[in-house]
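# Structural characterization, general
Residue-level listing of the chains:
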Amino acid sequence: MNAFLKHHQNSIQFGYRCFDRLLLNGLIQPFQQPERVLGFFHVYREGKRVTRKTLTDIADQFQYWLKNRSQKWGAPILEPPDGSGDDSRRDRLLDPYFQNPKPDQVVAIVKAREPARILVAVGDKNNDSPHLEYKQRWVNQFNFYLSDARWGRMFVRMCPYFPFSARVCLNQHHWLAIRMREEGIDFQQCTNAFLKCANPAGLQELADSLTPQDLLRCGQKWLAAFTPFISDRERKHAGSQHRLFFSQVEYCDNLIFHRRAAVDELTERLLDLNRSIGQPKKITMIFGRKVTKEYKGKLHTVIEDLDLPNPVIRSHYGHGFAKQYVRDDRILRTEPATNNVYDYGVKKDVENLPHLRKRMSEIIDHYHDVQQDVLETFVDRGQLRKLAEPTVLPSGRRIPGLKLDHPRQLAVMHSLVRFANVAASGRFTTADLYGPALHALGATASEYSLASFRYDLSKLRAKGLVERIPHSRRYQLVGKGYSICVAFLKLFERIYAPLTAGLLAPFRGDRALPDDRRCALDRLYQRITDDLDALFKAVGLKVAA
């Protein structure tokens, strides 16, 4: 359990982790080299020449096959919506076609012009032995939207041109919903997350049970169905079936809070404080990858979509990022994503799914640990420095800040924390405090005037630790004023001053005393000074002195 989850667990109903979007590239490896393409046609296509006409005929055959199958399936071929790069627009276009689909049913096909790597015959169109090259071209590709029996809603993008590059898009949330129905686990799914689950442990166990074979079985089944040019015999004997590789991967941690107010309060603090995690040291701590001179990517944190109800905290590294945002009112989602799994030290073949899951889960844990460091009450975020900085009042008057070792200021603080003030309901006048302050300072009224005392008190008023009661000559400590005064006094009088004295002017006789004859407090002080001596020696300060 990471520090973040441990700290906030009382506010969290349950949590789970799973892959969200899995985008897999599919390619037929023997067809990635022109000479092997020639060998395939020689062995399996009776030595047919690979010419420009041959390649054009293959694409045309795919178009004829697609038109026939579209009618047989009852799946219309659609034009992409305006702004086709926006996945949400395409999802809205296809939502009506996914109303009560049958298992393994293709519901619609979307044609879109996109770049693809295709085989090109260079030379005259009548040349029987052209030079074959692979080129990047913008071509019409076809996105088959379907409802898989095991994976639910998904799509497969096919390029009709040789060598039939493909892309498979899966989402483990749909896969988990089907698995939980099979297991009889009651749950409530809201868009792309689970808001309720009767067995969270069972949900996580199912999420972790996803294997590379689950990806391969689904991907290769549909890629074989959408590549009519290649027969089952050729796939088996020529190795001409698609292999799958990670293209884009998103792995999400979902923490479902009991109340919306709790997650709102937490995210407000995160948005306010998370600008400080955009440091290379912290980003590399999150992603666990060393930054060298060769590194060219981004190393920072940004807060995006500030105009939306749920802004996104996004930390960039390499070809990926980790983002954190609230969805569906009560879910805090932390989601690392990448377009190149090499950034995480993982190879692209889908066989590496368990390793990738482990690495992305570690990234989430590191991200949460850094988040908790940012949220932690006792981690300095500049508060002490701000107390020491001057305060400029609305009138333009400049009031000096609080100094930890200022005798007059410490004397004022001594007078503020007296128990006599508690008896007076925490209210006091400057006359009530002036005498005790003189005593604490060891000074006379001529050495430390009432006007000087009021000036020193104004420093605490400027920092919001003391306020004047309206229509009165009395004052009171406000907020953490009492605690800050006590902390300043204890730090100086019980920590800094004794340690400094022990280091600079120790009593010689004390060194000869055995530890058991010293008081407990002296032994603790001595332990700190001995450790400081060892530290100074280790870093060379003793020699320099």
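This one's a predicted model, so the numbers in the text were calculated from it and none came from an experiment.

## A look at the nonpolar core
- One finds Phe144, Phe162, Leu215 and Phe246 to be the most contacted residues of the largest nonpolar core, which totals 74 residues.
- Among the nonpolar cores identified, the runner-up in size contains 23 residues, and Val417, Phe428, Tyr434 and Tyr475 belong to it.

## Remarks on the confidence of the model for the chain
- In this model, the chain carries a mean pLDDT of 83, and residues with pLDDT of at least 70 account for 79%.
- When the criterion is pLDDT under 50, residues 278-286 qualifies, and its contacts beyond four places in sequence or with other chains add up to 24 contacts.

## As for the packing of aromatic side chains
- Summed over all chains, the structure comprises 24 aromatic pairs.
- Ring centres of Phe14 and Tyr16 lie 6.3 Å apart, and the angle between their planes is 20 degrees; on these two criteria the pair is classed as stacked.
- Summarising the aromatic geometry, the rings of Phe162 and Phe229 are spaced 6.0 Å apart at their centres and angled 90 degrees between planes, so their arrangement reads as edge-to-face. On the criterion of sequence distance, the pair formed by Phe162 in the loop between strand E5 (152-158) and strand E6 (166-171) and Phe229 in the loop between helix H7 (212-225) and helix H8 (232-238) is long-range, its members being 67 residues apart. For the pair shown, Phe162 and Phe229 are each scored as buried.

## Quick notes on the packing of helix H5 (residues 172-183) against helix H6 (residues 200-208)
- With their axes 10 Å apart at the nearest point, H5 and H6 run at an angle of 125 degrees to one another. Taken together, the axes of H5 and H6 are oblique relative to one another. Note on packing geometry: the crossing formed by H5 with H6 is right-handed. The segment H5 lies against H6, with Gln172, Trp175, Leu176, Arg179, Met180 and Glu183 engaging Leu203, Leu206 and Ala207.
- Partitioned by chemical class, the residues of the contact of H5 with H6 number six nonpolar, one polar and two charged.

## Observations regarding the pattern of salt bridges
- Scanning the model with the defined rule gives 24 salt bridges in all.
- For Glu114, the salt bridge is made with Arg157, and the minimal N-O distance between the two is 2.4 Å. With a gap of 43 residues between them, Glu114 in strand E3 (residues 105-122) and Arg157 in strand E5 connect regions that are remote in the sequence.
- In this structure Glu114 comes out as buried when scored by relative accessible area, which is 16%.
- A salt bridge links Arg474 to Asp432; the nearest nitrogen and oxygen atoms lie 3.8 Å apart. Of this pair, Arg474 sits in the loop between strand E17 (466-468) and strand E18 (475-477) while Asp432 sits in helix H15 (residues 430-441), and the two are 42 residues apart along the sequence.

## Some points on the sheet that holds E18
- Read across the sheet, three strands follow the order E16-E18-E17 without closing on themselves; strand pairing throughout is antiparallel. One side of each edge strand has no neighbouring strand; the edge strands of this open sheet are strand E16 (427-428) and E17.
- Here E16 runs beside E18; their pairing, made up of two bridges, is antiparallel. Across the sheet, the residue bridging to Phe428 is Tyr475, located in E18.
- Taken strand by strand, helix H16 (residues 450-462) contacts E17 and E18, and its axis lies near 105 degrees from that of E17.

## Focus: the environment of His131
- For His131, the location among the structural elements is in strand E4 (residues 131-148).
- On a C-alpha basis, the gap between His131 and Ala121 in space is 5.7 Å, while along the polypeptide they are ten residues apart.
- Not counting chain neighbours up to four residues away, the residues in contact with His131 comprise Val120, Ala121 and Val122.
- Of note is the side chain of His131, whose polar atom sits 3.0 Å from the side chain of Glu133.

Rules and cut-offs
Numbering of residues starts from 1 in each chain and follows the order in which that chain's sequence is written. Only residues with pLDDT of at least 70 are given local features in this predicted model, and only at 80 or more are side-chain atom pairs given and counted; all residues enter the totals for whole chains, interfaces and linings. Only hydrogens and water are set aside; all other atoms, that is, all heavy atoms of the structure, feed into the side-chain values. Nonpolar cores are built from buried Ala, Val, Leu, Ile, Met, Phe, Trp, Tyr and Cys residues. Side-chain atoms within 4.5 Å join them into one set. Each residue is placed in one exposure class: buried if its accessible area under a 1.4 Å probe, protein chains only, is under 20% of its type's maximum, exposed if it is over 50%, and partly exposed if it falls in between. The predictor rates its confidence in each residue with pLDDT, a number between 0 and 100. In what follows, a contact means two residues having at least one pair of non-hydrogen atoms within 4.5 Å. Pairing of aromatic rings covers Phe, Tyr and Trp, the last through its six-membered ring, and needs centres within 6.5 Å; plane angles under 30 degrees mean stacked, over 60 mean edge-to-face, and all others mean tilted. Strands are runs of DSSP state E lasting at least two residues, helices are runs of H or I lasting at least four, and both sets are numbered from the N terminus onward. Lines fitted to C-alpha atoms define the axes, with helix axes restricted to the stretch in contact, and inter-axis angles between N-to-C directions lie between 0 and 180 degrees. To sort the angles, those under 35 degrees are grouped as roughly parallel, those over 145 as roughly antiparallel, those from 65 to 115 as roughly perpendicular, and the leftovers as oblique. Each crossing gets its handedness from the near helix: less than a right angle anticlockwise from the far helix is left-handed, clockwise is right-handed. For this scheme, ten residues count as nonpolar: Ala, Val, Leu, Ile, Met, Phe, Trp, Tyr, Cys and Pro. Four count as charged, namely Asp, Glu, Lys and Arg, and the remainder, Gly too, count as polar. The term salt bridge refers to a side-chain nitrogen of Lys or Arg lying within 4 Å of a carboxyl oxygen of Asp or Glu. Here a strand pair is declared whenever DSSP counts at least two bridges between the two strands. In the analysis that follows, any N or O atom pair within 3.5 Å is treated as a polar contact, provided that within protein one partner can donate a hydrogen and the other can accept it, and provided that, for residues neighboring in sequence, both atoms belong to side chains.

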